[in-house]
Amino acid sequence: MIELRNLSRHYGATRVLDGVSLTLEPGRFTALLGPSGCGKSTLLRLVAGLDRPSTGQILFDGRDVAQESPSERNVAMVFQAYALYPHLTVAQNIALPLAMRRLGRLGRSPLGALSPAVRRTRATLARDVRAVAELLEIVPLLARKPAQLSGGQQQRVALARALVRDPSVFLLDEPLSNLDARLRIQMRAELVALHRRTGHTFLYVTHDQAEAMAMAERIAVMLDGRIAQVGSPRALYERPATCDVAGFIGAHPINLIPGPPEGGLPPALASGQPAPERPLVVGLRPEHLTPAADGPVQGRLDRVAFQGDVQVLGLRLEADGTPLRATAPPDWPAPDAGSAVRLGYRPEHLHLFDAAHGTRIANPGEESSCA
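The following paragraphs examine the structure supplied in this document. (Residues numbered from 1 in each chain as written. Predicted model: local features only at pLDDT ≥ 70, side-chain atom pairs only at ≥ 80, totals over all residues. Heavy atoms only, no water.)

**Things to note about the environment of Arg196**
Inclusion rule: Helix numbering and strand numbering both begin at the N terminus, where a helix is a DSSP run of H or I of at least 4 residues and a strand a DSSP run of E of at least 2.
Note that Arg196 resides in helix H7 (residues 181–198). It is 9.3 Å that separates the C-alpha atoms of Arg196 and Arg28, two residues lying 168 residues apart in sequence.

Given below as C-alpha cells:
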C-alpha cells in the first residue's frame, strides 16, 4: 500500500504540487493522467525517491519513506527515454541492477571471474536475466546491442531491466511516447498483460487519456498540481466531478455550453424534473449527439472529419452560433457545409455543472460519489 498524504513541492515561489493525497492499492494498475505541466512527473519522482517533498508524507505500508533513497524503497522506474547503455548487450543492460546490488567493484571486473563465489553469483544473475527475458519474449535479443533494436524492442529491454529487480512498485513515466501509433497500441496490451502476470503495483504517468482509459483500473486525473478526481475509467467518463475533468476525459472533446442555452439543449434532468435554479453549464459528449430527423437540436454544418468508424461533425447552433461537436455513422450521407442538420440525444447523457464552481450537479437517482 502506497499512500501520499498532503504532498506539496515548490521551487522558490513556484508551486508545482499543492496538497496531493492519493492511495495506490497493492497490485492495482493506476494511471496518473493530466496535461503537460500539471505536476504528474514531479509526483512520480517523489514516489521514486528522486526528489524530496517540500511538505507531506509518502508511506509504503505505513512507513514514511519521504527521506529514503530509491534503492531503500525498492521501486523500479521506466522513463520515456529508455536509458539503455549503448556499449552493453541486452543481457548486460538487464543484469546491471542486479550486478550493482549483488557484486562489489572487484566482482564486476574481469578479475572477478577468478573467484568461485563471484562465478556462482554471475550464474545466478544469468538465470534471472534469462527468466525475465523469457517472460517478455526477448531471449533472441540478449546478445544484441541497443542500436540493433527497434523502439518496441528497446521498450521491452527497459521493462526487463526494471522487472528483474522484483520491485515493490513499477513507476512508468510516459514510456510509450516515442513509439508510433500502431506499436503504442500493441505495447499497451503487453503492459497490461505484464501487470496481470506479475501482480505488481503499477503507477503509470501519461497525458494521453485514451491510453489511460485503455490500460488502467483506476485513474487519478491531475490538473494544476492537484488531484481533481480518482475513479475507474467508466466512473470518470460517466460521472466527471468537474467541467475540467469532463473536458479532459473522452475520445472527442465534450460540448460544454453555458446554460440554459437556446437551440434545443434544455437543462432538463433525466427524470424530466426542472434543473436547479442556478447558472449551469450543460455538457454533452459528441458520441451522444447524433443526426436525427426529429431531433430537438438544430445546427449548421461547418465540416465533417471521416475517421473510419465514425464521422465527427463540426457545427454551430442555429440559435446563437455556439460551436458544437457531434458524431455520425460512417455511412451517414453528409450534406454540404452550411446545411441545416437536426441532432438528437438522450436526456440521461446530459452532464450538468454549476457554472460558478464548475462542479457536477447530480441527476436524481445518480450516485453522488464519483470515485
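**Things to note about the nonpolar core**
The condition is simple: Throughout, nonpolar core names a set of buried Ala, Val, Leu, Ile, Met, Phe, Trp, Tyr and Cys residues whose side chains join them through atoms within 4.5 Å. We call a residue buried when its accessible area falls under 20% of the maximum for its residue type, exposed when it is over 50%, and partly exposed in between, using a 1.4 Å probe and counting protein chains only. Contacts: residue pairs with any heavy atoms within 4.5 Å of one another.
In terms of nonpolar packing, the biggest core is built from 50 residues, with Ile94, Ile138, Leu172 and Ile219 touching the most fellow members. Residue contributions to this core peak at six residues, all from helix H6 (residues 151–163). Once you skip the residues sitting within four places of it in the chain, Ile219 turns out to touch Ala31, Leu33, Ala212, Met213, Gln229, Val230, Gly231, Pro233 and Leu236.

**Overview of the sheet that holds strand S11 (residues 255–259)**
Condition: Two strands qualify as a pair provided that DSSP identifies no fewer than 2 bridges between them.
Taken in spatial order, the four strands line up as S11-S12-S18-S19 in an open sheet, and their pairing is antiparallel. The sheet is open, and its two borders are formed by S11 and strand S19 (360–361), each paired with just one other strand. With two bridges joining them, strand S18 (residues 351–354) and S19 adopt antiparallel strand pairing. Bridged to Phe353 within S19 is Arg360.

**Notes on H6**
Put simply, the rule is: Take the number of residues in a helix, subtract one, and multiply by 1.5 Å to get its expected span.
Between the first and last C-alpha of H6 there are 18 Å, a value that for 13 residues agrees with the 18 Å anticipated at 1.5 Å per step. Counting buried residues in H6 gives ten out of 13 residues, a clear majority hidden from the surface. Looking at H6, one finds that the buried residues are Gly152, Gln155, Arg156, Val157, Ala158, Leu159, Ala160, Arg161, Ala162 and Leu163.

**Section: the environment of Gly344**
Topologically, Gly344 is positioned in strand S17 (residues 340–344). Spatially, the C-alpha atoms of Gly344 and Gly295 are 4.1 Å apart, while their sequence positions differ by 49 residues. Ignoring any residue separated from it by four or fewer positions in sequence, one finds Gly344 in contact with His288, Leu289, Thr290, Ala292, Gly295 and Pro296.

**Let's talk about the sheet that holds strand S2 (residues 14–24)**
Within the open sheet, the four strands sit side by side as S2-S1-S4-S5. Their pairing is antiparallel. Since the sheet does not close on itself, it has two edges, and those belong to S2 and strand S5 (63–64), each with one partner.

**Some details on the environment of Val221**
Note that Val221 resides in strand S9 (residues 218–223). Under the relative-accessibility criterion, Val221 is labelled buried at 0%. In the structure, Val221 is positioned 190 residues away from Ala31 in sequence and 8.3 Å away in space, judged by C-alpha atoms. The contacts of Val221, once residues within four sequence positions are left out, are Leu33, Arg226, Ile227, Ala228, Gln229, Leu236, Val245 and Ile249.

**Observations concerning the packing of aromatic side chains**
This is how the line gets drawn: In this scheme Phe, Tyr and Trp rings, the latter by its six-membered ring, pair at centre separations within 6.5 Å, and the angle between planes marks the pair as stacked below 30 degrees, edge-to-face above 60, and tilted otherwise. Placement of a positive charge over a ring is assigned whenever Lys NZ or Arg CZ falls within 6 Å of the ring centre and within 35 degrees of the normal to the ring plane.
Scanning the entire structure with this criterion turns up three aromatic pairs. Here the aromatic rings of Phe29 and Tyr204 are separated by 5.9 Å at their centres, their planes lie at 40 degrees, and the arrangement is tilted. With Phe29 in strand S3 (residues 29–33) and Tyr204 in strand S8 (residues 201–206), this pair connects stretches of sequence that are 175 residues apart. An aromatic cluster is built from Phe29, Phe170, Phe202 and Tyr204, whose rings are joined through pairwise contacts. Between the NZ or CZ atom of Arg285 and the centre of the ring of Tyr237, over which it lies, the distance is 4.4 Å.

**Notes on the side chain of Lys40**
For Lys40, the position within the fold is in helix H1 (residues 40–48). Sequence-distant contacts of Lys40, defined by excluding residues within four places in its chain, comprise Leu32, Gly34, Pro35, Glu174, Val205, Thr206, His207 and Met222.

**Some thoughts on the pattern of salt bridges**
Here is the rule we go by: Between Lys or Arg on one side and Asp or Glu on the other, a salt bridge is scored when a side-chain nitrogen of the former is within 4 Å of a carboxyl oxygen of the latter.
Within this structure, the stated rule accounts for 14 salt bridges. For Arg15, the salt bridge is made with Asp18, and the minimal N-O distance between the two is 3.9 Å. For Arg15, a relative accessible area of 47% puts it in the partly exposed group. Its salt-bridge partner being Arg130, residue Glu134 comes within 3.4 Å of it at the nearest N-O pair.

**Description of the side chain of His195**
Our working rule: What qualifies as a polar contact is a pair of N or O atoms within 3.5 Å, subject to a donor-acceptor requirement within protein and to the restriction that residues adjacent in sequence count only when both atoms come from side chains.
Inspection of the secondary structure assignment puts His195 in helix H7. By relative accessible area, His195 is classed as buried at 8%. Among the polar contacts made by the side chain of His195, one reaches the main-chain carbonyl oxygen of His200 at a distance of 3.3 Å.

**Here's the deal with the pairing of S3**
Counting buried residues in S3 gives five out of five residues, a clear majority hidden from the surface. The side-chain alternation of S3 yields two buried faces, one formed by Phe29, Ala31 and Leu33 and the other by Thr30 and Leu32. Pairing between S3 and S9: four bridges, direction parallel. For Thr30, the partnering residue across the bridge sits in S9 and is Arg218.

**So, the packing of H6 against H7**
In helix packing, the relevant descriptors are the interaxial angle and the interaxial distance, both defined with respect to the helix axes. Note the threshold: Note on geometry: axes are C-alpha line fits, over the in-contact stretch for helices, and angles between N-to-C directions span 0 to 180 degrees. Note on terminology: angles under 35 degrees are roughly parallel, angles over 145 are roughly antiparallel, angles of 65 to 115 are roughly perpendicular, and the others are oblique. Throughout, a crossing is termed right-handed when the near helix is turned clockwise from the far one, and left-handed when it is turned anticlockwise from it by less than a right angle. Under this grouping Gly is polar, as are all residues other than the nonpolar Ala, Val, Leu, Ile, Met, Phe, Trp, Tyr, Cys and Pro and the charged Asp, Glu, Lys and Arg.
One can describe the packing of H6 onto H7 by two numbers: an axis separation of 11 Å at closest approach and a directional angle of 20 degrees. With respect to their mutual orientation, H6 and H7 come out roughly parallel. The two elements H6 and H7 cross, and the hand of that crossing is right-handed. Taking contact as the criterion, the partners of Gly151, Gly152, Gln155, Arg156, Leu159 and Leu163 in H6 are, on H7, Leu183, Gln186, Met187, Glu190, Leu191, Leu194 and Thr198. A breakdown of the residues in the contact of H6 with H7 according to their chemical character gives six nonpolar, five polar and two charged.

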